[in-house]
Protein chains: 2
Amino acid sequence: MNLGKHKGKLYVVSGPSGAGKGTICKELLKDSDLQLSISMTTRAPREGEVEGVHYYFVSHADFEEIVEKDGFLEHASIYENRYGTPKAPVMEKLEKGIDVILEIEMQGALQIKENYPDGVFIFILPPSMAELRKRLTGRGTETAEAIEMRLSSTLKELSYIEKYDYCVVNGELEEAVNRIKAILVAEHSKVTMTAKELIEKYSEEE
Amino acid sequence: MNLGKHKGKLYVVSGPSGAGKGTICKELLKDSDLQLSISMTTRAPREGEVEGVHYYFVSHADFEEIVEKDGFLEHASIYENRYGTPKAPVMEKLEKGIDVILEIEMQGALQIKENYPDGVFIFILPPSMAELRKRLTGRGTETAEAIEMRLSSTLKELSYIEKYDYCVVNGELEEAVNRIKAILVAEHSKVTMTAKELIEKYSEEE
């Protein structure tokens, strides 16, 4: 039996850099009906990047037009390029009943929260600051100084926790992924139908 | 890492008679840290019934005293006997961080909702009215007329759906139980700590 409205849910997975949100999302996408939200960017495609798979590639003018039409769930500039999450493809999927997952840094997540408060906001936390330092160092992409700066900004980012619905500590990947899968199931068990709809549903068959 | 306050949660499992809430609760209690809430009654113990396991057995005078002290989460009279859920044992468990599960018919659930709105209210639905009729008939404990009356009151009971947090259709028992287990996990992943608490937690270890 179909219960309730079949609108999809938007899951926004966010958290400090190094918490592991990217790896978690990859795992979640493996065996589920979730679809990943695709960002739009003004930067040129790199080799192997496919339009509509890795990004939607657009000109600066086109990007600006969408900004002016309030067509982004969030957007930001990084150096001379712009990045954003276009509303339309996400909304189309949600209307069709498809769940969408969106991985994003915390400033972006807060913008989405303003534009689409019905989203389910999941905060991924590292098990400890020591572990986070270890992960960031292990990447070998940043200087020790840059890592320390990142760690102190992480502590500040924790102050946004109250904007989120759920909080998952990513100590052991599989456990964190299972916890989020449980959240997806629970979210779909939430009461969304009205009493009238439910009574009609059960009366019909009689 | 311990995140947030470690108060237990009260899960109130309710729904129409025949939806299978009793069977579901038994399954949930099998392999979990949940504890079942025990009712208090003025009726005499039946053979094999153990005080504090099946019921708390009390006199009418003692029951009334607890009612007057507002010591029940819910209570009701059935014929000449009284039944209720005493607050104190539930609250003690919750304070200790123990999750409590409480199986109850719908009028009782609504009383609990008034007395303890922090509870998590789960509505168990039969897959269809036809299946519900089949289950009630299968029990062989009621006349066809009594069953029809029960079915029509079930339709009315559905109107309380909006008072509940979650709704689980019990078509296949294992699936319904797994869905509720997911709800328990998700509930424990909800953000309950404040930003201040979280920042302190992560700063401490540095």
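In this text the structure is predicted, and so the values were computed from the model without any measurement.

A. Structural view of the environment of L28(A). Residue and element names in this part refer to chain A. For L28, the location among the structural elements is in helix α1 (residues 21-30). With 153 residues separating them in the primary sequence, L28 and K181 have C-alpha atoms 7.5 Å apart. When near neighbours in sequence (up to four residues on either side) are disregarded, L28 contacts L34, I101, V177 and I180.

B. Expanded view of the relation of the copies chain A and chain B. Under the fitted operation, chain A is carried onto chain B by 0.0 Å of movement along the axis and a turn of 180°, and the coordinates agree to an RMSD of 0.0 Å. Taken together, these values place the two copies in the relation of a two-fold axis. Taking C-alpha positions as reference, the residue of chain A nearest the rotation axis is A182(A), located at 2.2 Å. Comparing interface residues between copies, 100% of those in chain A also lie at the interface in chain B; the contact surface is shared.

C. Main features of the sheet that holds strand β8 (residues 120-125) of chain B. All names here are of chain B. Strand order in the open sheet made by the five strands is β2-β7-β1-β8-β9, with parallel pairing throughout. Pairing within the sheet leaves two strands with one partner each, and these edge strands are β2 (35-36) and β9 (166-169). The strands touched by helix α3 (residues 87-95) within the sheet are β1 (10-14), β2 and β7 (100-104), with β7 carrying the most contacts at an inclination of about 145°.

D. Summary view of the pairing of β9(B). Residues and elements named next belong to chain B. The alternating pattern of β9 places Y166 and V168 on one face and C167 and V169 on the opposite face, and all of these are buried. In the sheet, β8 pairs with β9 via four bridges, with the strands oriented parallel. Paired with I124 across the bridge in β9 is V168.

E. The interface of chain A and chain B, seen in detail. Between chain A and chain B, the contact holds 35 residues from the first and 35 residues from the second. Elements supplying a minimum of two residues to the side of chain A that touches chain B: α5 (129-139), β9 (166-169), α7 (173-189) and α8 (195-204) of chain A. Counting residues per element, the side of chain A that touches chain B draws most heavily on α7(A), at six residues.

F. Quick look at the domain arrangement of chain A. Residue and element names in this part refer to chain A. Domain boundaries in chain A define domain 1 (1-34 + 99-206) and domain 2 (39-97). On a C-alpha basis, the centroid separation for the pair domain 1 and domain 2 is 21 Å. Taken together, the contact between domain 1 and domain 2 spans 13 residues of the former and 10 residues of the latter. Considering every element that reaches the side of domain 1 that touches domain 2, the biggest residue donor is helix α4 (residues 106-115), with five residues. When its residues are assigned to classes, the side of domain 1 that touches domain 2 shows six nonpolar, six polar and one charged.

G. Main features of the packing of α5(A) against helix α6 (residues 144-157) of chain A. Residues and elements named next belong to chain A. Across the interface, α5 lies against α6 with an axial gap of 10 Å and an inter-helix angle of 140°. Classified by the interaxial angle, the pair formed by α5 and α6 is oblique. When you trace α5 past α6, the crossing you get is right-handed. Here α5 contributes M129, L132, R133, L136 and T137 to the contact with α6, which in turn contributes I147, R150, L151 and T154.

H. Spatial organisation of the environment of I104(B). Residues and elements named next belong to chain B. Here I104 is to be found in strand β7. Residue I104 is classed as buried on the basis of its C-beta count, with 22 C-beta atoms lying within 10 Å. Distance from I104 to A76, taken between C-alpha atoms, is 11 Å for residues 28 residues apart in sequence. Contacts of I104, omitting those with residues within four sequence positions, involve V12, S14, E74 and A109.

The rules we used
- Sequence order as written defines the numbering, with residues in each chain counted from 1.
- Key to labels: chains lettered from A, ligands numbered from 1, both in the order written.
- Selection of residues for local features in this predicted model requires a pLDDT of at least 70, selection of side-chain atom pairs for listing and counting requires 80 or more, and totals for whole chains, interfaces and linings are taken over all residues.
- Each helix is a run of DSSP H or I of at least 4 residues and each strand a run of E of at least 2, with the numbering of both proceeding from the N terminus.
- A pair of residues counts as a contact when their C-beta atoms, built from backbone coordinates, are within 7 Å of each other.
- A least-squares superposition brings the copies together, and it is based on the C-alpha atoms of residues with pLDDT no lower than 70 in both.
- DSSP-based pairing: two strands are paired if at least 2 bridges between them are found.
- For helices, the axis comes from a line fit to the C-alpha atoms of the stretch in contact; other axes are also lines fit to C-alpha atoms, and the angle between any two N-to-C directions lies between 0 and 180 degrees.
- In this scheme every C-beta is placed from the backbone, and a residue whose C-beta has 20 or more other C-beta atoms within 10 Å is buried, one with 12 or fewer is exposed, and one in between is partly exposed.
- All domain edges in this entry derive from an automatic or database-based domain assignment.
- Classification used: nonpolar for Ala, Val, Leu, Ile, Met, Phe, Trp, Tyr, Cys and Pro, charged for Asp, Glu, Lys and Arg, polar for all others including Gly.
- Here is the rule for angles: anything less than 35 degrees is roughly parallel, anything more than 145 is roughly antiparallel, 65 through 115 is roughly perpendicular, and the remaining ranges are oblique.
- Here a crossing is taken to be left-handed if its near helix is turned anticlockwise relative to the far helix by less than a right angle, and right-handed if that turn runs clockwise.

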